[in-house]
Amino acid sequence: MAPDIASPAVTSRLLGKVLLVSVDNPPVNAVGVDVRRGLVSAIDAAQADQAVAAVLIVGAGRNFIAGADIREFGQPPQPPALPEVCNRIEASSKPVIAALHGAALGGGLEVALAAHYRLAVNGVKLGLPEVQLGLMPGAGGTQRAPRLIGMAPALELMLSGRHVGAEEALALGLVDRLGRSDDTLAEGLAYAQELLAGGAAVRRTRDAQALADRAASRAALDAARADVAARSRGLFSPHKIVEAVEAALDLPFDEGLRLERTLFLQCIDSPQRAGLIHAFFAEREVAKAPETKAAQPRPLTSAGVVGGGTMGAGIAVAMLDAGMTVTMIERDEESLARGRANVEKVYDGLVAKGRLSAEAKAAVMARFGGATAYDALSQADVVVEAVFEDMAVKQAVFAELNRVCKPGAVLATNTSYLDIDVIAASISRPQDVLGLHFFSPAHIMKLLEIVVPAKVSADAVATGFELAKKLRKVAVRAGVCDGFIGNRILAVYRQAADVMVEDGASPYQIDAALREFGYPMGPYQVSDLAGGDIGWATRKRRAATRDPRARYVEIADRICERGWFGQKTGRGWYLYAKRSRSGMPDPEVLAIVDAERKRAGITPRRFSNEEIVRRYLAAMINEGANVVHEGIALRPLDVDVTFVAGYGFPRHRGGPMKYADMVGLPRVLADIREFGREDPLFWRPSPLLVDLVEHNRNFDSLNRAA
Ligand code: 3H9
């Protein structure tokens, strides 16, 4: 049979009696319209061709099929729909075998579930991750998976969205067999021939019997429903998943499929789907900074970290976890021992929880070394300093790095706000100096701001991005300014919150309103977690340069003056019972707030939760627009990723700029102008926002233009 030219994305070839159907749609074989058409015509051709006894579906390249093509969602549908494709595969009168490697996710796994036999090779990743995109499996997954592997495991897969490896897939019954080698094609063909030789018949998943124990299935369903109610606060699609899967138990297969389709389309129409898919693409887009296209990264195997405090140790752990060799520098033996202990503490915690063996810990720690003399960094490819936030101290560190490091070593500062151009200018190799702004705890937090000073070379920046990839961080390119992208915007919306507290909202109401919006914690809870002293130090630093006309709310200072820095001191905005991490509202804090209102001559007024969110978000969006306008962030999507990955912004809302687009920029601007009647200095509309509204454009138009 000649290669199928009806679809460029699917080719067919007869090998003996087996029709090899290969999905070839780079980069990840997403099921777009061409793949759907190609699969249907290949299956049709197989039915019609006497020479074909079985069909083998494989993926070309690194994956089987990564899922439906999510770029098509929200566009006019183009037939055939994927559920129909899967039904045609399942209905085949000749056995269909799927041989899986790489990603077999979402619609990709659903294609495999519609096949009659499944084989997987090592390194395969199976899963139904639709929930992470605000969706649910929509091509039969909610009906076939429970019938094939049982209610509890199927629900767990769909509600967690996690990937399953080869061994686990076999144990679950998702696949029938594992290949002995990594050669998917050879393994798949051998399996197909073996099945044919044994006279294997078609075996349809729709007829599988894993739900036979109805009572156990019902109990699993009830447990999942309760869990979703308790844990998926505000999320839409987990509820729809449970509803659809219930139909697998209660309805005939075809009716279940119809219900799945209805619920899937509701998910497609939900703003959460738009937010989550925006976040998915934005996270991939941020990695494509101009420097990564213009230059190759430098080598990256050994690293140095200067400073063994919480931040330095966290950075060291992140690097060790990525397989790098790490040398820590501290000023004396005692501090070095403390730094080492900070690193070990993380691994000891994992050992205690049974997540790491003592031997594995020893193997990691063998890559860790420490010294009190900078000369130990002479061979490091990259050095990150995480010492005290003081320009003179940082410059002294960089003078040492300049002296000892090999040519081409990337020299990074983890400063949160100091001027990196000034640091770079203080040594003879500014082309190697950049900012790597980690977030605490650095081995856990996903965000890494890569701060690009004026004189740094493109390959040093590309190395920063490469390091982020190695450390599995989400890297966002930021320009130099006080606070870069994240902390600069944070300072503004936190000010908006403080003003609301002084004007009549309680900090507890503000936290509750933002949790209702989808944040895991409100800003005052976060402040108590991070330590109020950090913000206090920043405010003191900024005091000298603060615009004397700007309103300044002193409530946080009154709290800090009492030594109430949050969880670590047992009280802050909240009161913490011994060892407790969840705080109680504190009447004494409310009394301080009251006293401050009186001192400032303010008569408190009521705020609705809706107004709190509107003001908080308007401040965030406006400063986000300024950050884009000034080129500190490359595009609005860089602001979105910063806030989703590093500041707890609810992912299902896509990020502040995406949220603004969904609300509508004219409304956001109208809010800012309305709030500006009370305080025109604070609520100055960003020129970018004004311009976009005037030209009837949104933030996303800038993402697409970039
Ligand atoms: C679904 O299936 C619904 C069905 O149940 C029902 C339908 C009716 N579509 O991540 P990478 C792009 S929902 C379009 O950097 P990796 C990605 O944007 C879907 N494009 O590579 C990037 O493009 P670019 C369920 C996609 O090796 C490029 O591919 N499936 C899709 O680190 C490389 O991606 C999922 O949720 C897609 N589905 O990781 C799986 N996937 O080069 C989502 C990727 O222009 N995907 N792209 O930046 C993944 O988890 C990872 O991409 C994967 C590869 C693990 C596959």
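Residues numbered from 1 in each chain as written. Predicted model: local features only at pLDDT ≥ 70, side-chain atom pairs only at ≥ 80, totals over all residues. Heavy atoms only, no water.

Asks: Explain the overall build of the protein to me, please; I cannot follow it from the model alone.
Replies: The helix and strand tally for the protein stands at 30 helices and 18 strands. For the protein, whose C-alpha radius of gyration is 28 Å, the value lies close to the compact-globule estimate of 27 Å for 706 residues. Across its three principal directions, the C-alpha atoms of the protein cover 85 × 60 × 55 Å. In the protein, which comprises 706 residues, the share counted as buried stands at 53%. In the protein, the proportion of contacts linking residues at least 24 apart, taken out of those at least 6 apart, comes to 73%. For the protein, the computed accessible surface area is about 29600 Å², with 54% contributed by carbon and sulfur atoms. (Helix = DSSP H or I, 4+ residues; strand = E, 2+ residues; numbered from the N terminus. Rg over C-alpha atoms; globule rule 2.2 N^0.38 Å. Buried < 20%, exposed > 50% of the residue type's maximum accessible area, 1.4 Å probe, protein only. Contact = heavy atoms within 4.5 Å. Areas by Shrake-Rupley, 256 points an atom, 1.4 Å probe, with all protein chains shown as cover.)

Asks: I would appreciate a short explanation of the sheet that holds strand E10 (residues 325-329) in the present structure.
Replies: Paired through their backbone hydrogen bonds, the strands of a sheet run either parallel or antiparallel. Across the sheet, 8 strands lie side by side as E11-E10-E9-E12-E13-E14-E15-E16; this open sheet has mixed pairing. Across the chains shown, the open sheet's two edge strands, defined by having one partner strand only, are strand E11 (368-371) and strand E16 (474-479). Adjacent strand axes in the sheet meet at a mean angle of 25°, parallel and antiparallel pairs treated alike. Against the sheet, helix H18 (residues 458-470) touches strand E13 (410-413), strand E14 (433-438), strand E15 (447-452) and E16, its axis set at about 175° to E15. (Pairing = 2+ DSSP bridges. Axes fitted to C-alpha atoms, helices over the stretch in contact; angles between N-to-C directions.)

Asks: Would you take a moment to explain the site of the ligand for this structure?
Replies: If you check the shell around the ligand, you find 27 residues, and the closest are Gly107, Glu110, Glu130, Arg284 and Lys288. Within the side chain of Arg71, a nitrogen or oxygen atom sits 3.4 Å from an oxygen atom of the ligand. Taking Gly138, its main chain carries an N or O atom lying 3.1 Å from an oxygen atom of the ligand. About the coverage of the ligand: the protein hides 79% of its 1000 Å² of free accessible area. Considering every element that reaches the shell around the ligand, the biggest residue donor is helix H11 (residues 271-285), with 3 residues. (Near = heavy atom within 4 Å. Polar contact = N/O pair within 3.5 Å; in protein donor to acceptor, adjacent residues only side chain to side chain.)

Asks: I keep staring at a nonpolar patch on the surface and nothing clicks. Help me out?
Replies: A cluster of nonpolar residues, Met521, Val526 and Leu529, forms a patch on the protein surface that exposes about 230 Å² of accessible area. In this structure, Val526 sits in helix H21 (residues 523-530). (Patch = residues over 30% accessible without salt bridge, like charges linked within 9 Å, V, L, I, M, F, W, Y side chains within 5 Å. Salt bridge = Lys/Arg side-chain N within 4 Å of Asp/Glu carboxyl O.)

Asks: Which parts of the structure should I look at to understand a positive patch on the surface?
Replies: Together, Arg62, Lys125, Lys446 and Arg472 make up a region of like positive charge exposed at the surface. By secondary structure assignment, the location of Lys125 is in strand E7 (residues 125-127). (Lys, Arg positive; Asp, Glu negative; His and termini not counted. Charge placed at Lys NZ, Arg CZ, Asp CG, Glu CD.)

Asks: Help me understand the sheet that holds strand E2 (residues 18-23), please; the structure alone is not making it clear to me.
Replies: Strand order across the open sheet formed by 6 strands is E1-E2-E3-E4-E6-E8, with mixed pairing between neighbours. Of all the strands in the sheet, the pair left with one neighbour each is strand E1 (10-15) and strand E8 (177-178). In terms of strand pairing, E2 meets strand E3 (residues 54-59) through 6 bridges, oriented parallel. Bridge pairing in E3 links Leu19 to Val55.

Asks: Even after reading the chapter, I still don't get H18, so can you show me in this structure?
Replies: Since there are 3.6 residues in each turn of an α-helix, residues three or four apart along the chain are aligned in direction. A rise of 1.5 Å per residue sets the reference length of H18, with its 13 residues, at 18 Å; its end C-alpha atoms lie 18 Å apart and thus fit the reference within 8%. Those residues of H18 that are buried are in contact with helix H12 (290-294), helix H13 (310-321), E13, E14, E15 and E16. (Expected span 1.5 Å × (residues − 1).)

Asks: How do you make sense of the side chain of Arg118 when you look at a structure like this?
Replies: Summarising the element assignment, Arg118 is placed in strand E6 (residues 117-120). Despite its burial, Arg118 pairs with no opposite charge, the nearest such side chain being Asp176 at 4.4 Å. Beyond its immediate stretch of four places on either side in the chain, Arg118 contacts Ala98, Ala112, Leu113, Leu148, Leu174, Val175, Asp176, Arg177, Tyr191, Arg203 and Thr205.

Asks: Would you mind going over the environment of Leu529 with me for this structure?
Replies: Position of Leu529 among the secondary structure elements: in helix H21. Measuring from C-alpha to C-alpha, the distance between Leu529 and Asp321 comes to 25 Å, with 208 residues separating the pair along the chain. When sequence neighbours within four positions are dropped, the list of residues in contact with Leu529 reads Met521 and Gln567.

Asks: It is not clear to me how the side chain of Glu611 should be interpreted in this structure. Could you clarify?
Replies: Checked against the element boundaries, Glu611 lands in helix H25 (residues 609-629). For Glu611, a relative accessible area of 13% corresponds to the buried category. Within the structure, the side chain of Glu611 is placed 2.8 Å from the side chain of Arg605, a separation counted as a polar contact. Here the side chain of Glu611 touches Arg615 through a polar contact of 2.8 Å, side chain to side chain. Residue contacts for Glu611: discarding those within four places in its chain leaves Arg605 and Arg606.

Asks: Got a minute to help me understand the pattern of salt bridges in this structure?
Replies: Side chains carrying opposite charge are able to pair once their charged atoms draw close together. If you walk through the whole model with that rule in mind, you get 57 salt bridges. We note a salt bridge from Arg162 to Glu168, for which the minimum N-O separation is 2.7 Å. Owing to a relative accessible area of 31%, Glu168 belongs among the partly exposed residues under this scheme. Ionic pairing is found between Arg635 and Asp638, a salt bridge with its closest N-O pair at 2.7 Å. Residue Asp638 is classed as buried on the basis of its relative accessible area, which comes to 0%.

Asks: Mind showing me how you'd approach the pairing of E1 here?
Replies: Pairing between E1 and E2: 6 bridges, direction antiparallel. Counted as the bridge partner of Ser12 is Val21 from E2. Hairpin geometry of E1 and E2 is characterised by an intervening segment of 2 residues between the two adjacent antiparallel strands and by a positive phi of about 65° at Gly16.

Asks: Hey, could you run me through the packing of helix H4 (residues 141-149) against helix H10 (residues 253-269) in this one?
Replies: Relative orientation of the contacting elements H4 and H10 amounts to 135°, with a least axis distance of 8 Å. Classed by the angle they form, the pair H4 and H10 counts as oblique. Only Phe253, Gly256, Leu257 and Glu260 of H10 make contact with H4, whose side of the interface consists of Gly141, Thr142, Gln143, Arg144 and Arg147. Considering only residue class, the contact of H4 with H10 consists of 2 nonpolar, 4 polar and 3 charged. (Parallel < 35°, antiparallel > 145°, perpendicular 65-115°, else oblique. Nonpolar A, V, L, I, M, F, W, Y, C, P; charged D, E, K, R; others polar.)

Asks: Sorry, what's going on with the packing of helix H26 (residues 636-646) against helix H27 (residues 656-663) here?
Replies: Running from amino to carboxyl end, H26 crosses H27 at an angle of 115°, the nearest separation of the two axes being 6 Å. Counting all contacts with H26, which are made through Pro636, Val639, Asp640 and Phe643, the residues of H27 involved are Pro656, Met657 and Lys658. Here the residues of the contact of H26 with H27 are counted per class, giving 5 nonpolar, no polar and 2 charged.

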